[in-house]
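One letter stands for each residue in the lines below.
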Amino acid sequence: MADVNGLGVVTTHQVELFTPERPLTMAGGANLAFVTVAYETYGELNAAKDNAVIVCHALTGDAHAAGWHDGDKHPGWWNTLIGPGKAIDTNRWFVISPNLLGGCQGTTGPSSVNPATGHVYGLDFPLLQVRDFVTVHRALLEHLGISRLHAAVGGSLGGMQVLQWALDFPDQLDQAVIIAASAGLTAQNIAFSAVGREAIMLDENFLGGRFAEQGRNPDIGLAVARMMAHITYLSEDAFTEKFGRAPQGEASDPGFGVDFAVESYLRHQGETFVSRFDALTYLYLSRVMDYFDPFGGDAAPPPLSLWGPKFLVISFDSDWRFATEHSLRIVEQLAARGAGVSFRQIHSPWGHDSFLLDVPEYLATIRAFVEEPAKVSAARALRPDLRRIAAQVPRGSRVLDLGCGEGELLRHLMTRQGCVVTGVERDGAAMLEAIKAGVPVLGLDLDTQLDEFADGSFDFVILSRTLQAVMQPAEVLRQMSRIGNHLIVSMPNFAYWPHRLRLLSGDMPRSSDLPYRWYDTPNLHYATLASLEALFDSLGLVTQKRFALSPSGHIIGAGANWRASSAIYLLASRRLAGA
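Every value quoted in this text rests on a predicted model; they were computed, and no experiment measured them.

The rules behind each value
- Residues numbered from 1 in each chain as written.
- Predicted model: local features only at pLDDT ≥ 70, side-chain atom pairs only at ≥ 80, totals over all residues.
- Heavy atoms only, no water.
- Core = buried A, V, L, I, M, F, W, Y, C linked by side-chain atoms within 4.5 Å.
- Buried < 20%, exposed > 50% of the residue type's maximum accessible area, 1.4 Å probe, protein only.
- Helix = DSSP H or I, 4+ residues; strand = E, 2+ residues; numbered from the N terminus.
- Axes fitted to C-alpha atoms, helices over the stretch in contact; angles between N-to-C directions.
- Parallel < 35°, antiparallel > 145°, perpendicular 65-115°, else oblique.
- Left-handed = near helix turned anticlockwise from the far one by under 90°.
- Contact = heavy atoms within 4.5 Å.
- Nonpolar A, V, L, I, M, F, W, Y, C, P; charged D, E, K, R; others polar.
- Phe/Tyr/Trp six-rings, centres within 6.5 Å; stacked < 30°, edge-to-face > 60°.
- Lys NZ or Arg CZ within 6 Å of the ring centre and 35° of its normal.
- Salt bridge = Lys/Arg side-chain N within 4 Å of Asp/Glu carboxyl O.

Novice: Give me the nonpolar core: which residues, what numbers.
Specialist: Ranked by size, the top nonpolar core spans 108 residues in total, and within it L101 and L334 carry the most contacts. The element that contributes the greatest number of residues to this core is helix α7 (residues 279-291), accounting for 8 residues. The next biggest cluster of nonpolar side chains, apart from the first, holds 58 residues, and it includes V53, L312, F355 and F460.

Below you can see the structure in the form of structure tokens.
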């Protein structure tokens, strides 16, 4: 069989991590005297043991994330991501993929034999929490002699595990990658899982969870659970593109059989699932997701250290099971606790399953984040206008840069002025460059999503040559004044004298500060310095400093409204300015 991944044949290992002498104490208080864990590894652990990456699987995954099993026709479930030269490059990283506690592919779970009784645990197996997965994974790392991870990466339920790990043991991770996950299922999410569990438990062969002892299996219930869940993993567009209303086979009289291609597909999914997965595992792991709420209750996690992990949170625009709002809640909670967070919503037509597929922007984003951040040359110089902006920001400030581009200013503030920085940028290529350089950047819309930031959460909010490109400049400025104690705004001056001359000659202005032609410009609004200052005044913003600049960056004195090509303003609200 051709090896499309480059890892070749891999082996699943098993290790007994907990024994009666050292039992597993679970988050709910129960003890398990024996716990065996199945896992695979890819790549080589280096001498310093600092190149380890753990991947945490989703509800129906297992330890076989990449490569091939001898004689097996199916590649690892994350072959798109893991392998030589791939987003998680096994030429560089030592990748560990364990099967979850409660799983059915070699790790102790409810279908394992309880040594105390000699019978399968069944529903006597203790209920699980995400923290239990983390405890077992950390024990596996100890067994492998690894004390710290370069990264933990997980999608869906796997992303929940990564989040819990990062909150409970932030000093053990350099990076945390959370993909298409949730920090609190909605009622609709819980309802979908409830129907699946009900189908299993009402199957006549479930027998109160003791079906294995009588040589039976709730195949129908498990297949129905998988069929319904699979509907939620794909988007409507994906179903339409794959099947539309195509009939199954030759035309026939309508009835209640498999008349449509999509029905045949779902039936196949159910039958295949029954052959590889366990009904009890489905019950237990789906229930874990229902109760996961790391930011809720009285035991909400404390603030994260600035030296804790950097986070990358990814969502997909067609995922309606864990829609982007779920990811944004994670971002908001992490940012409120002082974490460095990057976020990107990726376009994909394939719904929740996108995290398993070959979606280039998604894979490139993970690679950019996981790879060592680009080194910033000590000799690299900022643009003149950015140098002036940086000079207004005191050392150690909390800074938000809206429309940060490739993060040049934020890299400077972070590395040379010790600032805690966050960028906002929508351009995908620019975001990747910022992420590669280690700059936390959020893919948010300045016109509609600034309410994601809490009041007064930054010392400085910067909007450099971007105000003219937003739909609602006044509303963006209002949001900035709510989010930050100080505002720095720069903007080209449409009234610059060469612009006036070009207008008099009948042509649209172009200059180094307005380099675009009228038909390909991203700029939606044009303002003179006088009209811009009138807007500031109408919004209750006080100009504390103004730097009117020539194209070369020199300060212009008198007559700035026609002599300056751009200007930088240091602003504060009247309330703060008078304090």
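Next comes the rest of the account.
Novice: Report on the packing of helix α3 (residues 187-201) against helix α4 (residues 219-233), specifying residues and quantitative values.
Specialist: Running from amino to carboxyl end, α3 crosses α4 at an angle of 165°, the nearest separation of the two axes being 7 Å. What the angle tells us is that α3 and α4 run roughly antiparallel. For α3 against α4, the interelement crossing comes out right-handed. Together, F192, V195, G196, A199 and I200 of α3 and G221, L222, V224, A225, M228 and T232 of α4 make up the contact between the two elements. Here the contact of α3 with α4 is composed, by residue class, of 8 nonpolar, 3 polar and no charged.

Novice: Tell me what's going on with the packing of aromatic side chains, and back it up with residues and numbers.
Specialist: This structure, assessed with the given rule, holds 15 aromatic pairs. Centroid distance F273 to F277: 4.9 Å. Interplanar angle 20°. Geometry classified as stacked. Each member of the pair, F273 as well as F277, is classed as buried. Here F453 and F458 contribute two aromatic rings whose centre-to-centre distance is 5.9 Å and whose plane-to-plane angle is 75°, an arrangement assigned as edge-to-face. The residues F453 and F458 share a single accessibility class, namely buried. Over the aromatic face of F169 sits the side chain of R138, whose NZ or CZ is 3.6 Å from the ring centroid.

Novice: Lay out the pattern of salt bridges in plain terms, naming residues and giving numbers.
Specialist: Two side chains bearing opposite charge may form a pair once their charged atoms approach each other closely. With the rule as written, the count across this model stands at 22 salt bridges. Measuring nitrogen to oxygen at the nearest pair gives 2.4 Å for the salt bridge that ties E371 to R92. Note that E371 is positioned in the loop between α9 (360-370) and α10 (384-391) and R92 in the loop between β7 (88-89) and β8 (94-98), a separation of 279 residues in sequence. The residue D385 makes a salt bridge to R383 at a minimum N-O spacing of 2.8 Å.

Novice: Just give me the short version of the environment of F260, but keep the residues and values in it.
Specialist: Secondary-structure assignment places F260 in the loop between α5 (236-242) and α6 (261-276). With 173 residues separating them along the chain, F260 and E433 place their C-alpha atoms 46 Å apart. Those residues in contact with F260 that lie beyond four places of it in its chain are R245, A246, P247 and Q248.

Novice: An account of the environment of L141 is requested, with residue identities and associated values reported.
Specialist: Inspection of the secondary structure assignment puts L141 in helix α1 (residues 130-143). L141 gets classed as buried once you look at its relative accessible area, which sits at 0%. It is 28 Å that separates the C-alpha atoms of L141 and G296, two residues lying 155 residues apart in sequence. In this view, L141 contacts I96, I146, L149, W165 and Q172; residues no more than four positions away in its chain are not counted.

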